[in-house]
Amino acid sequence: MGKSVLGKKLFALFSLGLFSALIFGYLWWGRFQYYHDRYIFIVFAGGLFLVAANHLYHRDTLRRLGLRMDNFRRAALWYGGTTLVLGAGIAALGWLSGDLRLDRWSDLVTYFAWAAIQQYLLQNFLRLRSEDLIGSAKTSSSAVGGSLMPVFLTATLFALYHLPNYPLVCMTFVGGLFWCFLYALIPNFYWAWLSQAFLVTIVTVFFKYDVANQFQVGLPGYGYPFYGSGVKVAAGYDADKNPVIATLPGADKGTKARVKIFTVGGLALAEWDAFEELEFSGEISVGELGFGPGDEVAIAAGPGPNNPPLVRIFDLDGKLLGQFRVEDMDRGFGAWASIDCGKLYVSPGPGPGRPQQVLEFSPAGQLLRQWDFDDLGLVNGLRSAALCSDTALSENGSPVPQGETSHLLMWASDISVNHSTLFIYDLVQSSLRSIETLGTDFGVNLTLVQLAENRLGVGVAPGPLHGYPPLIQGFDLKGEKLWAFFGFEDPDSYGSNIAAVDIDGDGEDELVLGEGIGPERPPMVRIVRLNGQLVTSWRAYPE
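Not measured: the values here are computed from a predicted model.

Cut-off values and rules
- All residue numbers refer to positions counted from 1 along the written sequence of the respective chain.
- Two thresholds apply to this predicted model, a pLDDT of at least 70 for residue-level local features and 80 or more for giving and counting side-chain atom pairs, whereas whole-chain, interface and lining totals are computed over all residues.
- Only hydrogens and water are set aside when side-chain values are computed; all heavy atoms of the structure are taken into account.
- The helix count covers DSSP runs of H or I at least four residues long, the strand count covers runs of E at least two residues long, and both are numbered beginning at the N terminus.
- Exposure categories follow from relative accessible area, calculated using a 1.4 Å probe and restricted to protein chains: below 20% of the type maximum is buried, above 50% is exposed, and the middle band is partly exposed.
- When checking whether two residues touch, look at their non-hydrogen atoms; a contact exists if any pair is within 4.5 Å.
- Using a 1.4 Å probe, the Shrake-Rupley method yields the accessible areas, and only the shown protein chains count as cover for residues.
- His is not counted, nor are the chain ends; Lys and Arg add positive charge and Asp and Glu add negative charge.
- Where a charge lies is defined by one atom per residue type: Lys uses NZ, Arg uses CZ, Asp uses CG and Glu uses CD.
- Among buried residues, those of type Ala, Val, Leu, Ile, Met, Phe, Trp, Tyr and Cys that are joined through side-chain atoms within 4.5 Å constitute a nonpolar core.
- Two strands are said to pair when DSSP picks up at least two bridges between them.
- Whenever Lys or Arg places a side-chain nitrogen within 4 Å of a carboxyl oxygen from Asp or Glu, that contact is recorded as a salt bridge.
- Helix span, expected: 1.5 Å multiplied by one less than the number of residues in the helix.
- Each patch groups residues whose relative accessible area exceeds 30% and which form no salt bridge, using 9 Å between like charges and 5 Å between nonpolar side chains of Val, Leu, Ile, Met, Phe, Trp and Tyr.
- What qualifies as a polar contact is a pair of N or O atoms within 3.5 Å, subject to a donor-acceptor requirement within protein and to the restriction that residues adjacent in sequence count only when both atoms come from side chains.

Asks: For this particular structure, what's the right way to read the overall build of the protein chain?
Replies: For the protein chain, the helix and strand inventory stands at eight helices and 24 strands. The C-alpha extent of the protein chain, read off along each of the three principal axes, is 85 × 50 × 45 Å. Every one of the 543 residues in the protein chain was classed for burial, and the buried ones make up 55%. Contacts in the protein chain between residues at least 24 apart in sequence constitute 57% of all its contacts with a sequence separation of at least 6. Carbon and sulfur atoms make up 60% of the accessible area of the protein chain, which totals about 23500 Å². Charge separation in the protein chain, taken as the distance between the mean sites of 39 positive and 53 negative side-chain charges, equals 17 Å.

Asks: What's the story with the nonpolar core in this structure? I'm lost.
Replies: Side chains of a nonpolar character, in soluble globular proteins, are inclined to be buried together. Phe19, Tyr79, Phe125 and Leu126 are the most contacted members of the largest nonpolar core, which totals 39 residues. Listing elements by their share of this core, those giving two or more residues are helix 1 (3-28), helix 2 (36-58), helix 4 (72-97), helix 5 (106-134), helix 6 (143-160), helix 7 (166-185) and helix 8 (189-207). Apart from residues no more than four positions distant in its own chain, Tyr79 is found in contact with Trp179, Leu182, Tyr183, Ile186, Asn188, Trp191, Ala192 and Ser195. Within the second largest apolar cluster, 20 residues are counted, among which are Ala234, Ala246, Ala270 and Leu316.

Asks: Would you take a moment to explain the pairing of strand 3 (residues 258-263) for this structure?
Replies: Note on strand geometry: in a regular strand, side chains alternate between the two faces of the sheet. Pairing of strand 2 (residues 243-249) with strand 3, which is carried by four bridges, proceeds in the antiparallel orientation. The residue bridging Val244 from the neighbouring strand is Thr263, located in strand 3. Pairing of strand 3 with strand 4 (residues 268-273) involves five bridges; the strand directions are antiparallel. Counted as the bridge partner of Lys260 is Glu271 from strand 4. Where strand 3 hands over to strand 4, the hairpin turn is made up of four residues, of which Gly266 adopts a positive phi near 95 degrees.

Asks: In this structure, what is going on with the pattern of salt bridges? I would like to understand it.
Replies: Between side chains of opposite charge, a pair can form when the charged atoms approach closely. Across all of its chains, the model carries 22 salt bridges by this definition. Residue Asp70 is joined to Arg63 by a salt bridge in which the shortest nitrogen-to-oxygen separation is 3.2 Å. Asp70 gets classed as exposed once you look at its relative accessible area, which sits at 52%. A salt bridge links Arg64 to Asp132; the shortest N-O distance between them is 3.4 Å. With Arg64 in helix 3 (residues 62-65) and Asp132 in helix 5, this pair connects stretches of sequence that are 68 residues apart. The exposure class assigned to Arg64 is partly exposed, which follows from its relative accessible area of 27%. Judged by relative accessible area, which is 14%, Asp132 ranks as buried. If you follow the salt bridges from partner to partner, you end up with Asp60, Arg64, Arg127, Arg129, Glu131 and Asp132 in one network.

Asks: Would you explain helix 2 in this entry?
Replies: Since one α-helical turn is 3.6 residues long, residues separated by three or four positions face the same way. Here helix 2 spans 33 Å end to end across 23 residues, near enough to the 33 Å set by a 1.5 Å rise per residue. Those residues of helix 2 that sit buried are His36, Val43, Gly47, Leu50, Val51, Ala53, Asn54, His55 and His58. Just downstream of helix 2 lies Arg59, where phi reads positive at about 55 degrees.

Asks: What is the right way to look at a nonpolar patch on the surface in this model?
Replies: A surface patch of nonpolar side chains, amounting to about 240 Å² of accessible area, comprises Phe24, Trp28 and Leu160. Following the sequence through the fold, Leu160 ends up in helix 6.

Asks: Sorry, what's going on with the side chain of Asp476 here?
Replies: Tracing the sequence through the fold places Asp476 in strand 19 (residues 471-476). Arg455 is the oppositely charged side chain nearest to the buried, salt-bridge-free Asp476, at an N-O distance of 4.3 Å. For Asp476, the side chain forms a polar contact with the main-chain nitrogen of Glu480, separated by 2.9 Å.

Structure (structure tokens):
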């Protein structure tokens, strides 16, 4: 083997390894860092440098890169014909599955541009460097074997970059084989690009939100692009049974857990910092824990990567009444806490690999019970609340003492692959059932709602994805939809946070909507009736 050939193989091996390290490093680590945009820049800059350096080192010609027109007609016949046949098959399968869906037409423009980048990297970096590493038709005694070996290596690498989304791994492996084999025979970049753009469009329309799991790749985790401003809300009653609204800023680096208490008219009554030593704000709940007249406020540390599962309890004036730390959950990203049935229900914060757990604590911080759920289809923890026996589901005839916890409610944290299902677990019957709510991904925001005739329901709003409207829906605890409306109009909204409280003493709650969490969102609080009528609104925090 000549020295120049060995040098090409070693340089190709080094380039493929470094490129793969950049991709995996970002998808499985870098995007969970607060300064994730710097890691994106490193990946793109590093990838561009590797591609350019390899073109120079290997002296790649435009013909070899497929940037040519002499084979355009032949490419049109092969790429166009096979693409139309495959596209028709995919569309027919999607049509029969009944999964036609496209939430945002801008996705198609994005994927058209992204297909060009992917095809260039697939053909003119991964495939060419694979040929340089393990041979091509020109360097192998077998033309077929020499062409297929690099194709299989390229398709395998391309598929592995899409882990752990196994359906997408399979799709990208088959797609990589198809495009790379055709490219090895007819190197034409323009038709390979059009073929991928066309086929990905069909897959997007029919399979993105179901089989392809929204094209999510890498370790699922709390994405920093979705941190920002906005406002989290909770609601309860003071010592005189007057309704009050409690707020926290949206989670972001440098944001303290600044609690504010308001009247339902927006008059500030009290404010304090729940965690002066921590960042990323917090999670908030209001309810009766028995420390004195009026409700208490529970604040859990916000979803920062190093935040402990610390819960602090305050009265409505900001006096610290107690605190505890959930040692078994001490893996960062804070915690979720809810006050129900005179107890605290705590779940892990939305960190990578967090389990689906609910822990029940006494007001003094003593662990009473714990439940683990492994079959909910959720990732990165969950959120939870509880039902008491005097507000239990009407079909439940179990002899639970009045006021004791009879059911757990669980729903997804705001991770892009999490669906908006509500799970209800019967503690006596040890049975689990679910209610399909919004049909969206990115988790769900949920609150219990006191309905007329002493019934309970839930109000739900989408998780914080840019462009998700503040669609507010209500369900009774049997899953029947009770209402649906938009809380406000804003095309740049990130869903809505939600709480409930009876502001006029008629026995039926109104809804408290906090602006969904996202970059540069206003900290608006709105109170609406169950028919969507706006009662009042105000800014919880200054500019």
